[in-house]
Amino acid sequence: MIRIDIPGRGLATIQHLVLDVNGTIACDGALLEGVAERLERLRELVTVTAITADTHGTAAALRDRTGIEIHVIERGNEARQKLEVVRALGADAVVAVGNGANDDEMLDAAVVGICVIGREGAAVAALRSADVAVTDVRDALDLVLDPRRLVATLRR
């Protein structure tokens, strides 16, 4: 559990980290360098769940390599399915990270939504729904690992 007291927003108790896979923690199905190590550290603090339609067929390998929970969603209405996962976990205890148009609802619902503008870019809808934007997923994960950075960015 991570406790973050953000001036102007209040206290957040983070119990879950929800991650989009392709375009966020992976590119073309391959986990980005440095992500696995950060996920290992984060697993000591919160439950980490990745959500994927498993386009590249790598969900099982991702679970085996990282030890995180993998939630495979059906193709079609992905945004709603991702939102349902965040709501089921308790949106007020979730940090969500994504980059796609189908991530916008989960980014908006989570207590903290982080949009990654990476090599695949980011959908404007995701950017508008997020609380924070970063240019590298490793930076997003580091924000969760060191919540003082989130406080500095989000304080009002």
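Our subject in this report is the structure included herewith. (Residues numbered from 1 in each chain as written. Predicted model: local features only at pLDDT ≥ 70, side-chain atom pairs only at ≥ 80, totals over all residues. Heavy atoms only, no water.)

1. What about the overall build of the protein?
Operational definition: Numbered from the N terminus, helices here are DSSP runs of H or I no shorter than four residues, and strands are runs of E no shorter than two. We take the radius of gyration over the C-alpha atoms and set the globule estimate at 2.2 Å times the residue count to the 0.38 power. Each residue gets one of three labels from its accessible area relative to the maximum for its type: buried under 20%, exposed over 50%, partly exposed in between, using a 1.4 Å probe on protein chains only. Whether two residues are in contact is decided by their heavy atoms: any pair within 4.5 Å suffices. His is not counted, nor are the chain ends; Lys and Arg add positive charge and Asp and Glu add negative charge. To locate a charge, the coordinates of NZ of Lys, CZ of Arg, CG of Asp or CD of Glu are taken.
On a plain count of helices and strands, the protein comes out with 7 helices and 10 strands. Radius of gyration (C-alpha) of the protein: 14 Å, near the 15 Å computed for a compact globule of 156 residues. When its C-alpha atoms are laid out on the principal axes, the protein stretches across 40 × 30 × 30 Å. Among the 156 residues that make up the protein, the fraction classed as buried is 52%. In the protein, of all internal contacts separated by at least 6 residues, the share reaching a separation of at least 24 is 50%. Of the charged side chains in the protein, 18 are positive and 24 negative; the average position of the first set lies 5 Å away from that of the second.

2. Re a negative patch on the surface
What counts is decided by this rule: Patches were defined on residues exceeding 30% relative accessible area and lacking a salt bridge, with like-charge contacts within 9 Å and nonpolar side-chain contacts (Val, Leu, Ile, Met, Phe, Trp, Tyr) within 5 Å. Only the protein chains shown count as covering a residue, and every accessible area follows the Shrake-Rupley method with a 1.4 Å probe. We count a salt bridge whenever a side-chain nitrogen from Lys or Arg sits within 4 Å of a carboxyl oxygen from Asp or Glu.
Together, Glu33, Glu37, Glu40 and Glu44 make up a negatively charged patch on the protein surface. For Glu33, the position within the fold is in the loop between β5 (30–31) and α1 (35–43). Accessibility expressed as a relative area gives 70% for Glu33, which makes it exposed.

3. Quick word on the packing of helix α6 (residues 137–145) against helix α7 (residues 147–154)
Two packed helices can be described by the angle between their axes and the distance between those axes. Stated formally: With axes taken as lines fitted to C-alpha atoms, and helix axes fitted only over the stretch in contact, angles between N-to-C directions fall between 0 and 180 degrees. Here roughly perpendicular refers to angles of 65 to 115 degrees, roughly parallel to angles under 35, roughly antiparallel to angles over 145, and oblique to all remaining angles. Note on residue classes: Ala, Val, Leu, Ile, Met, Phe, Trp, Tyr, Cys and Pro are nonpolar, Asp, Glu, Lys and Arg are charged, and everything else, Gly too, is polar.
Look at α6 against α7: their axes get within 4 Å of each other, and the N-to-C directions meet at 100°. As the angle between them shows, α6 and α7 are arranged roughly perpendicular. Side by side, α6 and α7 meet where Asp142, Leu143, Val144 and Leu145 of the first sit next to Pro147, Arg149 and Leu150 of the second. Its residues assigned to classes, the contact of α6 with α7 shows 5 nonpolar, no polar and 2 charged.

4. Describing the pattern of salt bridges
Under the counting rule described, the total for this entry stands at 8 salt bridges. Here Glu105 makes a salt bridge to Arg80, at a shortest N to O gap of 3.4 Å. One end of the pair, Glu105, is in helix α4 (residues 104–109); the other, Arg80, is in helix α3 (residues 78–89), and 25 residues separate them in sequence. Through salt bridges that share partners, Asp20, Lys82 and Asp103 make up one connected network.

5. Focus on the pairing of strand β6 (residues 47–52)
For the record, the criterion: Strand pairing is assigned whenever DSSP detects at least two bridges linking the two strands. With its strands directed away from the observer, a crossover is right-handed exactly when the path from the first strand over the helix to the second travels clockwise.
Counting buried positions along β6 yields 5 of 6 residues, so the element is predominantly enclosed. Bridging between strand β3 (residues 16–20) and β6 involves 5 bridges; their strand directions are parallel. Within the sheet, the bridge partner assigned to Leu19 lies in β6 and is Ala50. Of the strand pairs in this sheet, β6 and strand β7 (residues 69–72) are connected by 4 bridges, and their pairing is parallel. The residue bridging Thr52 from the neighbouring strand is Val72, located in β7. Each parallel crossover has a hand, and the one from β6 via helix α2 (residues 59–66) to β7 is right-handed.

6. Some words on the nonpolar core
Quick reminder of the rule: Joining through side-chain atoms within 4.5 Å is the link that ties buried Ala, Val, Leu, Ile, Met, Phe, Trp, Tyr and Cys residues into a set, and such a set is a nonpolar core.
Counting residues in each nonpolar core, the largest one holds 40 residues, and the members touching the most others are Leu17, Ile25, Val97 and Ile114. With 6 residues, the top contributor of residues to this core is α6. Among all residues touching Ile114, those that are not within four sequence positions of it are Val95, Ala96, Val97, Gly98, Leu107, Ala130, Val132, Val134, Ala140, Leu143 and Val144. One finds Ile51, Val86, Ala110 and Ala126 within the second-largest nonpolar core, a separate group that totals 14 residues.

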